[in-house]
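Examining the three-dimensional arrangement
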Amino acid sequence: LLTPAEYRVDGSVGRITSGGVFAVRGAQVALRMEPGRQVYPGSIYTAFREAGPLRGSGADAKDVGMLIRNTGVLKVIRIEGEEVLAKVLIQYDIVKAGDLVRLRDPDRLRYYNSLRQGGKAPLQLKGEVLGEMPPKMVAVRGDVVFVDFGRQQGAWPGMRLMVSRD
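Presented here is a report on the structure given in the accompanying data block. (Residues numbered from 1 in each chain as written. Predicted model: local features only at pLDDT ≥ 70, side-chain atom pairs only at ≥ 80, totals over all residues. Heavy atoms only, no water.)

1. Remarks on the overall build of the protein
The secondary structure content of the protein amounts to one helix and ten strands. When its helices and strands are written in sequence order, the protein yields β-β-β-β-β-β-β-β-α-β-β. Put simply, the protein shows about 11,100 Å² of open surface, and 53% of that area lies on carbon and sulfur atoms. (Helix = DSSP H or I, 4+ residues; strand = E, 2+ residues; numbered from the N terminus. Areas by Shrake-Rupley, 256 points an atom, 1.4 Å probe, with all protein chains shown as cover.)

Right, dumping it as structure tokens:
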């Protein structure tokens, strides 16, 4: 889930260089970068696709952000004129032409590394579960859920939560 302030696109996957319909780990893709973006060999990008706006439930049903689905991690291996070639390092889902890419900035990388090392003291957050992935009636341990609170309350994308009823 990205708020409008966090939503940034640096380019998109233009084509799969092997000629296939999608790319998997180890495959190469050609990127189309937005004008003015500086790209260097070795740069790491996250590939993602939009899964639609996420709205709150209840009477207000306000827009709480854009739900995105990460499809992979790409590393720029060669730049030939306007063509930027990247290799799929990590695959979360199939990488397709049209998937969007954004540079993995140091703050975001530091955050993901902190998830692996254990976190800070637990927060006491109150909110509502808006949905789960994959969509189903009951979420169980290990499922991804979407909640109606965010950074302002101290939560971060990818944060592990224990959800209980009042």
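There's more to say after this.
2. Considerations on the sheet that holds strand β8 (residues 100-103)
If you trace the six strands once around the closed barrel, you get β1-β3-β6-β5-β4-β8, paired in antiparallel fashion. Direction aside, neighbouring strands of the sheet carry axes that sit 50° apart on average. Examined bridge by bridge, strand β1 (residues 11-16) and β8 share two bridges and lie antiparallel to one another. Its bridge partner being in β8, Ser-12 is matched across the sheet by Leu-100. (Pairing = 2+ DSSP bridges. Axes fitted to C-alpha atoms, helices over the stretch in contact; angles between N-to-C directions.)

3. Structural notes on the packing of aromatic side chains
Counted under the stated rule, the structure contains zero aromatic pairs. Over the aromatic face of Phe-48 sits the side chain of Arg-102, whose NZ or CZ is 4.9 Å from the ring centroid. (Phe/Tyr/Trp six-rings, centres within 6.5 Å; stacked < 30°, edge-to-face > 60°. Lys NZ or Arg CZ within 6 Å of the ring centre and 35° of its normal.)

4. Examining the nonpolar core
Nonpolar side chains in soluble globular proteins generally cluster together in the buried interior. Grouped together as the largest cluster of nonpolar side chains are 16 residues, with contacts concentrated most on Val-13, Ala-23, Val-29, Leu-31, Leu-74, Val-88 and Val-101. Sequence-distant contacts of Val-29, that is, excluding residues within four places in its chain, are made with Val-13, Arg-15, Ile-16, Thr-17, Ala-23, Leu-74, Val-84, Leu-85, Ala-86 and Val-88. (Core = buried A, V, L, I, M, F, W, Y, C linked by side-chain atoms within 4.5 Å. Buried < 20%, exposed > 50% of the residue type's maximum accessible area, 1.4 Å probe, protein only. Contact = heavy atoms within 4.5 Å.)

5. Side note on the environment of Ala-86
By the element assignment, Ala-86 lies in strand β6 (residues 83-91). Along the primary structure Ala-86 and Ala-27 are separated by 59 residues, whereas in three dimensions their C-alpha atoms are 8.5 Å apart. Setting aside anything within four residues of it in sequence, one finds Ala-86 in contact with Ala-27, Gln-28, Val-29, Leu-31, Leu-74, Lys-75, Val-76 and Ile-77.

6. Brief notes about a nonpolar patch on the surface
A cluster of nonpolar side chains, Val-21, Phe-22 and Val-24, forms an exposed patch at the surface whose accessible area comes to about 280 Å². Turning to its location among the elements, Phe-22 is positioned in strand β2 (residues 22-23). (Patch = residues over 30% accessible without salt bridge, like charges linked within 9 Å, V, L, I, M, F, W, Y side chains within 5 Å. Salt bridge = Lys/Arg side-chain N within 4 Å of Asp/Glu carboxyl O.)

7. Focus: the pattern of salt bridges
Under the criterion given, the structure shown has five salt bridges. Arg-49 is the partner of Asp-99 in a salt bridge, and the nearest nitrogen-oxygen pair spans 2.9 Å. Linking Asp-99 in the loop between β7 (95-96) and β8 with Arg-49 in strand β4 (residues 44-55), this pair joins segments that are 50 residues apart in sequence. Where Glu-80 meets Arg-78, a salt bridge forms, and the shortest distance between an N and an O atom there is 2.6 Å. Its relative accessible area of 40% is what places Glu-80 among the partly exposed residues. The network of salt bridges with shared partners includes Arg-49, Arg-69, Asp-93 and Asp-99.

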